[in-house]
Amino acid sequence: MSTNKTIKSALVSVFSKDGLEPIVQKLHKQGVTFYSTGGTEEFLKNLGIPVVAVEDVTSYPSILGGRVKTLHPKIFGGILNRQYHEGDVKQMLEYDIPQIDLVIVDLYPFEKTVASGASEADTIEKIDIGGISLIRAAAKNFKDTVIIPSMDQYSEFLDLLNEKNGETTLEDRKKFATKAFHVSSHYDAAIFNYFNTDDTFFKQSYSNGQVLRYGENPHQKGYFFGDFDAMFTKKHGKELSYNNLLDVDAAVNLILEFKDNDPTFAILKHNNACGLATRATMKEAYLTALAGDPTSAFGGVLIANGKIDADTANEINSLFCEVVIAPEFSQEAIAILSEKKNRIILIQHEVELPQSQVRTALNGVLVQDRNNLTDNKDSLRTVTNTAPTSQEVEDLLFASKICKNTKSNTIVLAKNGALIASGTGQTSRVDALRQAIEKANSFGFDLNGSVMASDAFFPFPDCVEIAKNAGVSAVIQPGGSIKDELSINYCNENDMAMVFTGTRHFKH
């Protein structure tokens, strides 16, 4: 027996009418009977399309200020009846229930209402009851009923109507039902998160997944769920990969620390900064950042806290890099950077980032607050006899911002508003320091008068001793070890300045 169905009747109840007209006109030409109520009914009548009012089917008016319109057995019976079931067929005749083959719904815009800052009363009124019930009912009965659950499916459905002239297959109906259950579950998750105050409950839903070329490695599938276009305007280049997106995320978080600073430029590789500098011009900032580690910069992600002009772009253009990000580019800069066909150019927009961070762990997920604490002058406590100079304080805070955004264990060495070197992702803090010193020496940097930042406390004085011997003059760290005095005493004996922040910045 064929499972194909021809649409002969439709219930239409939508909030947004955008894009609806060509669908209903096509259905009307195919002889479909329409049922509707309220604003949608008026919309259909204004198009000259005959429509049966829901109230005429149910013999009940819309009540409670429109809160109850379609919630009635004659409506839901028409949607949920099983056309192959003898008992259902008998009851449809007994109670004079009209068959409904198609349901088109577009829900009240709850998320947009919340985002607008509307009052609680107005927000609650945008919780759709009838629409969500229609969606679930029609989706459940996909063997007989077609459900179009939001305006996002209008285009796809119109193509289907034009292609098959009102006929649908079981596969078609099941595909739309799947989307319908996504729409309803996403809607419910948004409502739950609006009301929820218990952090031990966790629900997250995204609607706009993007298929990536692959995941971290070519044999892994990869997807991005989020509104990339809200954060960036892509001006040029290939599609971003999974690894590109991780680096872009790290770059955005890092440069946010320097949002209000003088021109600052950062170069990242594998989520860590390999170069970063603040200077009087963006060109100077870029060249100084590049000098920090020109080897690692190859194939990196570049980001600026301000406009990239033609002079800066000309310098960047000689480097092979995957992505260049800035809040603004001159037209000439875009033209220059576009000379490399695969280079990705992104204009960054100001968008509020999620305040919770989520990652899979074991057979579940870990959720934590975003690390919004950034060390500043007020958070510094000098614990040594020697206090840092004003320039050292600036460099200490500069280094601390980089340290916060670098994989633990990490040590960052900085001098005169530039990253000299860092040790990243080491199992030992001593190893991280030695890595940083070795890298700085390999690129010919003079570490005398430099500063050191650590993401966590020093349990022993070995790090400050190694740093002192390398030329470091000031240290910033959280403090909190039961053996803090050992490091403090060494600094006092060797005229080093050290400040505690009281805040650890692990990043794993």
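Look above for the structure.
Residues numbered from 1 in each chain as written. Predicted model: local features only at pLDDT ≥ 70, side-chain atom pairs only at ≥ 80, totals over all residues. Heavy atoms only, no water.

**Here we look at the overall build of the protein**
Worth spelling out the cut-off: Helix numbers and strand numbers start at the N terminus; a helix is a DSSP run of H or I with at least 4 residues, a strand a run of E with at least 2. Atoms counted for the radius of gyration: C-alpha only. Globule rule: 2.2 Å times residue count to the power 0.38. Under the scheme applied here, a residue whose accessible area is under 20% of the maximum for its type counts as buried, over 50% as exposed, and between as partly exposed, the area being computed with a 1.4 Å probe on protein chains only. In this description, contact between two residues means that some pair of their heavy atoms is separated by no more than 4.5 Å. Accessible areas in this description were obtained via Shrake-Rupley with a 1.4 Å probe; residue shielding takes into account the shown protein chains only.
Secondary structure summary: the protein contains 19 helices and 23 strands in total. A compact globule built from 508 residues should have a C-alpha radius of gyration of about 23 Å, whereas the protein, at 31 Å, is more than 25% larger. Counting only C-alpha atoms and orienting by the principal axes, one finds that the protein spans roughly 95 × 50 × 40 Å. Buried positions account for 48% of the 508 residues belonging to the protein. Partitioning the intrachain contacts of the protein with sequence separation of at least 6 by distance along the chain shows that 56% fall at a separation of at least 24. Accessible surface, the protein: about 25,400 Å² in total, of which carbon and sulfur atoms supply 50%.

**Looking at helix 9 (residues 154-164)**
Under the convention used in this document: This arc is built from the directions going out from the helix axis to the C-beta atoms.
Tyr 154, Phe 157, Leu 158, Leu 160 and Leu 161 are the residues of helix 9 that are buried. Angularly, the buried residues of helix 9 cover 160° about the axis, an arc narrow enough to put them on a single face. On the buried face of helix 9, the contacting elements are strand 2 (9-14), helix 1 (21-29), strand 5 (102-106), strand 6 (146-148), strand 7 (167-168) and helix 10 (170-195).

**Focus on the pattern of salt bridges**
Counted only if it meets this: Here a salt bridge means any side-chain nitrogen of Lys or Arg lying within 4 Å of a carboxyl oxygen belonging to Asp or Glu.
Per the counting criterion, the structure on display carries 15 salt bridges. A salt bridge links Lys 45 to Glu 41, with the nearest nitrogen and oxygen atoms 3.0 Å apart. A residue pair is termed a helical-turn pair when its members lie 3 or 4 positions apart in one helix, as Lys 45 and Glu 41 do in helix 2 (residues 38-46) at 4 residues. The class of Glu 41 is buried, set by a relative accessible area of 12%. The salt bridge involving Lys 175 is made with Glu 156; its shortest N-O contact spans 3.1 Å. On the criterion of sequence distance, the pair formed by Lys 175 in helix 10 and Glu 156 in helix 9 is long-range, its members being 19 residues apart. A residue is classified by how much of its surface remains accessible, and Lys 175, at 40% relative accessible area, is partly exposed.

**Details of the packing of aromatic side chains**
Given two aromatic rings, their pairing is described by the distance between the two centres and the angle made by the two planes. Inclusion rule: In this analysis, rings of Phe, Tyr and Trp, with Trp reduced to its six-membered ring, are considered paired at centre separations within 6.5 Å, and the interplanar angle assigns stacked below 30 degrees, edge-to-face beyond 60, and tilted for intermediate values. Only when the NZ of Lys or the CZ of Arg is both within 6 Å of the ring centre and within 35 degrees of the ring normal is a charge said to sit over the ring.
Here the structure, examined in full by the defined rule, presents 12 aromatic pairs. Measuring from ring centre to ring centre gives 6.3 Å for Phe 110 and Tyr 187, while their planes differ by 65°; the resulting arrangement is edge-to-face. Pair noted here: Phe 110 is in helix 6 (residues 110-115) and Tyr 187 is in helix 10, with a separation of 77 residues, a long-range link. The exposure class of Tyr 187 is buried, given its relative accessible area of 8%. Here the aromatic cluster, defined as three or more aromatic residues joined through ring pairs, consists of Phe 110, Tyr 187, Tyr 194 and Phe 195. Lying across the ring of Phe 192, Lys 203 places its NZ or CZ 5.2 Å from the centre. For the cation-ring pair, Lys 401 lies above Phe 258, with the distance from its terminal atom to the ring centre recorded as 5.0 Å.

**Examining the environment of His 85**
Where we set the bar: In protein, a polar contact requires one atom able to donate a hydrogen and another able to accept it; more generally it is a pair of N or O atoms within 3.5 Å, and residues adjacent in sequence count only if both atoms are side-chain atoms.
Here His 85 is to be found in the loop between helix 4 (73-80) and helix 5 (86-94). Given a relative accessible area of 31%, His 85 falls into the partly exposed group. A polar side-chain atom of His 85 sits 3.1 Å from the main-chain amide nitrogen of Gly 87.

**As for the pairing of strand 2**
Applicable threshold: Each pair of strands is called paired provided DSSP finds at least two bridges between the two strands. Look down the strands so they point away from you; if the path from the first strand over the helix to the second goes clockwise, the crossover is right-handed.
Among the 6 residues that make up strand 2, 6 are buried, leaving the element largely enclosed by the rest of the structure. Pairing geometry for strand 2 and strand 3 (residues 33-36), over 4 bridges, is parallel. Paired with Ala 10 across the bridge in strand 3 is Phe 34. Taken together, strand 2, helix 1 and strand 3 constitute a β-α-β crossover, and its handedness is right-handed.

**A look at a nonpolar patch on the surface**
Note the cut-off: Patch membership needs two things, relative accessible area over 30% and no salt bridge, and members are linked within 9 Å if like-charged or within 5 Å if nonpolar (Val, Leu, Ile, Met, Phe, Trp, Tyr).
Taken together, Phe 202, Val 358, Val 365 and Val 367 make up a surface patch of nonpolar side chains, about 300 Å² in accessible area. The exposure class of Val 367 is partly exposed, given its relative accessible area of 42%.

**Here's the deal with the sheet that holds strand 13 (residues 300-304)**
As a reminder, the rule being used: To obtain each axis, a line is fitted to C-alpha atoms, and for helices this fit is confined to the stretch in contact; angles are then taken between N-to-C directions over 0 to 180 degrees.
Taken in spatial order, the 6 strands make up an open sheet running 10-15-14-13-11-12, and their pairing is mixed. Edge positions in the sheet fall to strand 10 (232-236) and strand 12 (272-278), since each has one partner strand and no second. Each strand axis lies, on average, 20° off the axis of its neighbour in the sheet, ignoring direction. As paired elements, strand 14 (residues 321-326) and strand 15 (residues 344-348) share 4 bridges and run parallel to each other. Bridge pairing in strand 15 places Ile 325 opposite Leu 346. Strands in contact with helix 12 (residues 242-256) are strand 10, strand 11 (264-269), strand 12, strand 13, strand 14 and strand 15; relative to strand 11, the strand with the most contacts, it is inclined by about 150°.

In short, geometric facts, not functional conclusions.
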